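Breakdown of the fold
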Amino acid sequence: MALDSRLDYKYHCIRMSGVLNMDVPVSERIKSRIKASGKRFFACDNVSEFIQEGEENDLVLELTEKFNSVIDSLVIDRENDPNSHETGKRLAKMYVYEIMSGRYEKAPKVTAFPNTGENVYSGMLVVRAEIKSMCSHHHQPVRGIAYIGIIPSQKVIGLSKYIRIAQWYARRGQLQEELCEQIAKAISKACDTQDVAVYISATHGCCENRGVGAANSLTQTTVVRGQFHAADVKKEFFDNISLQQTFKS
């Protein structure tokens, strides 16, 4: 029997008996499945297909103990400091269910609609998505705006889905350059078009809160595909971004 199968069977028996197995942490079980599949599990990757029902909660429990150990090693009195009593658990829940949820949740469901017939839209569509991410180097917050541009082919997706896709990829450990590429690829696949552009403008906590301490730093990245390589199309895309940046509701 393969290692991952033995671990899963052992875990199944323990779960059925109601006893927590401290010898096989849930993170190790998940990693064994990923390794057996030959896939990677970088900070920017989604691993939801390898997580079984109930294991996200088990991850929170495992992480709570480990975050408590980190807090202890920082010489913080968790027992007597009222502000630190539940900090380990809060950190664990925040990582799994919030700032890194894009690693553990399945991709958002995306329904495509036909873009055909006499009312076919052949212009440019630009959607603005607010994103919150995390730098994979220092686990500092990344906040910004992703502008997604497409020239539709024969199908489009709901406007909110562009935003959901961007946010799903953002909520994990990222480099902004990789995030820009991931969003572009996902939108291209969902809309079945190569004519896609993504522009991200964001601030990085790793520059603001440590190191150079640059409070006014800003990072901009752009990915263009298909027709967006053409100078006039690229100009229209950035003109639309400028209009959105100056728009006030």
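Residues numbered from 1 in each chain as written. Predicted model: local features only at pLDDT ≥ 70, side-chain atom pairs only at ≥ 80, totals over all residues. Heavy atoms only, no water.

With respect to the environment of G144
In this fold, G144 is placed in strand β3 (residues 141-150). The class of G144 is buried, set by a relative accessible area of 15%. Residues G144 and E181, spaced 37 residues apart in sequence, show a C-alpha to C-alpha distance of 16 Å. Setting aside residues up to four positions removed in sequence, G144 forms contacts with A129, E130, I131, S201 and A202. (Helix = DSSP H or I, 4+ residues; strand = E, 2+ residues; numbered from the N terminus. Buried < 20%, exposed > 50% of the residue type's maximum accessible area, 1.4 Å probe, protein only. Contact = heavy atoms within 4.5 Å.)

Remarks on the packing of aromatic side chains
Using the criterion set out here, one finds 6 aromatic pairs in the structure. Taking the centre distance of 5.2 Å and the plane angle of 65° together, the rings of F237 and F238 count as edge-to-face. Given a relative accessible area of 28%, F238 falls into the partly exposed group. Put simply, the rings of Y147, Y199, F228, F237 and F238 pair up and form one aromatic cluster. Over the aromatic face of W168 sits the side chain of R172, whose NZ or CZ is 4.6 Å from the ring centroid. (Phe/Tyr/Trp six-rings, centres within 6.5 Å; stacked < 30°, edge-to-face > 60°. Lys NZ or Arg CZ within 6 Å of the ring centre and 35° of its normal.)

Looking at the environment of I99
Turning to its location among the elements, I99 is positioned in helix α4 (residues 87-99). For the pair I99 and H137, spaced 38 residues apart in sequence, the C-alpha to C-alpha distance is 15 Å. Beyond its immediate sequence surroundings of up to four residues, I99 is in contact with M94, M134, R171 and R172.

Structural notes on the pairing of strand β2 (residues 125-135)
Direction of pairing for β2 relative to β3: antiparallel, over a ladder of 10 bridges. Bridge pairing in β3 links R128 to Y147. Turn length for the β2-β3 hairpin, with the two strands adjacent in sequence and antiparallel, is 5 residues, and the turn residue H139 shows positive phi of about 55°. Summarising the sheet, β2 and strand β5 (residues 173-174) pair through 2 bridges and their orientation is parallel. Pairing of C135 across the sheet is with Q174, part of β5. (Pairing = 2+ DSSP bridges.)

Description of the nonpolar core
Ranked by internal contacts, the top residues of the largest apolar core, which has 29 residues, are Y162, I183, I187 and I200. Among the elements of the structure, β2, β3, α6 (159-170), α7 (176-191) and β6 (196-204) are those that each provide at least two residues to this core. Apart from the residues lying within four places of it in its own chain, the contact partners of Y162 are L125, V127, I148, I150, V156, I157, I187 and C191. Of all hydrophobic cores here, the second largest spans 15 residues; its members include V26, F50, F67 and V96. (Core = buried A, V, L, I, M, F, W, Y, C linked by side-chain atoms within 4.5 Å.)

Purely spatial values, then, with no claim about function.
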